[in-house]
Amino acid sequence: MSNIFIVAAKRTPFGAFGGALKTLTSTELGAISTKAALSAGKIDPSLVDAVYFGNVIQSSSDAAYLARHIGLKCGIPIPVPALTINRLCGSGFETVIQGAKSIALKEAKIVVCGGSENMSMAPLQADGNDARWGISLGSGLKMRDSLWDGLTDQYAGTPMGMTAENLAEKYGISREDCDEFAIRSQHTWAKAHKEGVFDLEIAKVEIETKKGVKVRKRRDRFRFPRLKSHPMFLPLQRNISNFPPPKVIDTDEHPRPDTSLEKISSLRPVFKKDGVVTAANASGICDGAGTIILASEDAVLDHDLRPLARLASYHVSGCDPTVMGIGPVPAIRGALDRAGMSLADVDRMEINEAFAAQFLACAKELELDMEKTNLHGGAISLGHPLGASGSRITAHLANEFGRGGSGNVFVGSACIGGGQGIAVVLERV
């Protein structure tokens, strides 16, 4: 594989379901992370040759235009093409793969890749045929939850949680195993947060308060020069000239580091009687975005860019949809094989924690060293905004090289609903 580098990587904090980021569309979240990445990498937007952005549940009215609008909002030139990608939970990783391919084919030198999701906005919706063309007398319009639909594989006839239950049964994973891993995720995130581990990757989000919006609207009424100069309006203008500061979100909202094994062990299983999957040991429904900027070796030299990591390899693989969570296993093996490496060469491993049972099944199958794996929490603690999680994991690993930690080979991976897995291999520069 040619030399393709990650030259910037940022993500927003992940907002809890119905939390601080609920009113920001996926497009707005993606623009925030992309502007932060361009700034961190000292990259002029005019140098970008392509935009790839992942999104799963199109939860806002502008979602069909997501990648294009993110590029335009960030000052990327009008002639630069953009593509919105949906590989479900692997979408963020997939944009990196597509960006790398465009560079390898010499179609681009600098590419914006990322993923964004606002799950809080996922609409309740009526069937278009019923709404447009009518229904029988007495039937009434039936509303469907697009979020629940997105988390259910209709081909396999099962919600994602049941695929984790299937893996728990297959690999002999107990409820206690799952709860203990969930606590590990919470505690490792808390320790990392306290130590400032996430500082390099976080793009702060500013949200205007309701009071600030009201003040701005009042000020806007007095933009006409003749009114501004009138003496009777001067005291009012002085009062509203200072906006209330926006609320700054700089920390993931979903983690619950104070929870305990005793608390979560009392929760009922969600998908199966006497099952293992609960709200506490499954990934959180969240809002957020992440952006990875790739550059060719020529672009790095021509524009004096500072690589965070080299993209050494990637792989995508299919698996049985009823045990979709095992997808990272063939994906990781395939990516390492393409790079001429083995698991013994890997210094850090990050597998998206869709469900504790799913993660533990992968760990068992790969015989992972937990001293090298998901060291700073994962989707159980941080949350899992579907299209953004691959971008988060990639950004985290790339910035870990920049923090000066040990290790030369890092691997990021995720399972994908419908029965797929995806993985990327990063090398220290």
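This is a predicted model, so every value here is computed, not measured. (Residues numbered from 1 in each chain as written. Predicted model: local features only at pLDDT ≥ 70, side-chain atom pairs only at ≥ 80, totals over all residues. Heavy atoms only, no water.)

Across residues other than glycine, the phi torsion is negative in most instances, and most of the peptide bonds are trans. The backbone phi angle of leucine 88 is positive, close to 50°, even though this residue is not glycine. Relative to the helices and strands, leucine 88 is located in the loop between strand S4 (82-85) and helix H3 (91-104). In this structure, aspartate 304 is a non-glycine residue whose phi angle is positive, near 55°. (Helix = DSSP H or I, 4+ residues; strand = E, 2+ residues; numbered from the N terminus.)

With that settled, consider the nonpolar core. In terms of nonpolar packing, the biggest core is built from 46 residues, with Ile326, Ile332, Ile351, Phe355 and Val425 touching the most fellow members. When contributions to this core are tallied by element, the ones reaching two or more residues are helix H6 (160-171), helix H7 (175-194), helix H13 (328-338), strand S14 (348-351), helix H14 (356-366), strand S15 (409-416) and strand S16 (420-427). Looking at this core element by element, the count peaks at eight residues for H14. Once you skip the residues sitting within four places of it in the chain, isoleucine 332 turns out to touch Leu343, Met349, Ile351, Leu366, Val411, Ser413 and Ala423. Ile6, Val111, Ala309 and Tyr314 belong to the second-largest nonpolar core, a separate cluster that totals 31 residues. (Core = buried A, V, L, I, M, F, W, Y, C linked by side-chain atoms within 4.5 Å. Buried < 20%, exposed > 50% of the residue type's maximum accessible area, 1.4 Å probe, protein only. Contact = heavy atoms within 4.5 Å.)

Glancing now at H7. End to end, H7 covers 29 Å across 20 residues, agreeing with the expected 28 Å (1.5 Å per residue, within 8%). For H7, the full list of buried residues reads Arg175, Cys178, Asp179, Phe181, Ala182, Ile183, Ser185, Gln186, Thr188, Trp189 and Ala192. Buried-residue contacts for H7 involve helix H11 (261-264), H14 and helix H15 (379-382). Once H7 ends, the next one or two residues include glycine 196, with phi positive near 75°. (Expected span 1.5 Å × (residues − 1).)

This model, assessed by the stated rule, comprises four aromatic pairs. Between tryptophan 148 and phenylalanine 271 the ring centres are 6.4 Å apart and the planes differ by 10°, which places this aromatic pair in the stacked class. With tryptophan 148 in helix H5 (residues 146-150) and phenylalanine 271 in the loop between H11 and strand S12 (286-296), this pair connects stretches of sequence that are 123 residues apart. Judged by centre distance (6.3 Å) and plane angle (20°), the rings of tryptophan 189 and phenylalanine 198 are stacked. Taken as a pair, tryptophan 189 and phenylalanine 198 share a single burial class, namely buried. The ring of phenylalanine 14 carries the charged tip of arginine 11 above its face, separated from the ring centre by 5.2 Å. Sitting over the face of the ring of phenylalanine 198, arginine 11 holds its NZ or CZ atom 5.6 Å from the ring centroid. (Phe/Tyr/Trp six-rings, centres within 6.5 Å; stacked < 30°, edge-to-face > 60°. Lys NZ or Arg CZ within 6 Å of the ring centre and 35° of its normal.)

Okay, the environment of aspartate 44 next. Examined against the element boundaries, aspartate 44 turns out to sit in the loop between helix H1 (26-40) and strand S3 (50-54). Overall, the relative accessible area of 42% leaves aspartate 44 in the partly exposed class. Along the sequence, aspartate 44 and isoleucine 76 sit 32 residues apart, while their C-alpha atoms lie 8.6 Å from each other. A distance of 2.9 Å separates a polar atom in the side chain of aspartate 44 from the backbone nitrogen of serine 46. (Polar contact = N/O pair within 3.5 Å; in protein donor to acceptor, adjacent residues only side chain to side chain.)

Quick look at the packing of H6 against H14 now. Direction vectors running N to C along H6 and H14 enclose 40°, while the axes themselves pass 8 Å from each other. Comparing their axes, H14 and H6 come out oblique. Note that H6 runs across H14; the crossing there is left-handed. From H6, Ala164, Leu167, Ala168 and Tyr171 reach across to H14, where they touch Ala357, Gln358, Ala361, Lys364 and Glu365. Its residues assigned to classes, the contact of H6 with H14 shows six nonpolar, one polar and two charged. (Axes fitted to C-alpha atoms, helices over the stretch in contact; angles between N-to-C directions. Parallel < 35°, antiparallel > 145°, perpendicular 65-115°, else oblique. Left-handed = near helix turned anticlockwise from the far one by under 90°. Nonpolar A, V, L, I, M, F, W, Y, C, P; charged D, E, K, R; others polar.)

Quick look at the environment of glutamine 186 now. Note that glutamine 186 resides in helix H7. As for glutamine 186 and glycine 378, which are separated by 192 residues in sequence, their C-alpha atoms are 8.2 Å apart.

What follows deals with the pairing of strand S13 (residues 309-318). When you tally the buried positions in S13, you get seven out of ten residues, the bulk of the element. Bridge count for strand S1 (residues 4-11) against S13 is two bridges, and the pairing is antiparallel. Bridge pairing in S13 links phenylalanine 5 to arginine 310. Bridge count for S13 against S16 is eight bridges, and the pairing is antiparallel. (Pairing = 2+ DSSP bridges.)

Per the stated rule, a full pass over the model turns up twelve salt bridges. Its salt-bridge partner being glutamate 427, residue arginine 310 comes within 2.7 Å of it at the nearest N-O pair. Of this pair, arginine 310 sits in strand S13 while glutamate 427 sits in strand S16, and the two are 117 residues apart along the sequence. For arginine 310, a relative accessible area of 17% gives the class buried. By relative accessible area, glutamate 427 is classed as partly exposed at 22%. A salt bridge links glutamate 365 to arginine 333; its shortest N-O distance comes to 3.7 Å. Here glutamate 365, found in helix H14, pairs with arginine 333, found in helix H13; they are 32 residues apart in sequence, far enough to count as distant. (Salt bridge = Lys/Arg side-chain N within 4 Å of Asp/Glu carboxyl O.)

When you line up the elements, serine 59 lands in the loop between S3 and helix H2 (66-73). There is a polar contact of 2.8 Å between the side chain of serine 59 and the backbone oxygen of asparagine 118. Non-local contacts of serine 59, meaning those with residues more than four positions away in its chain, are made with Ser26, Asn118, Met121, Ala122 and Pro123.

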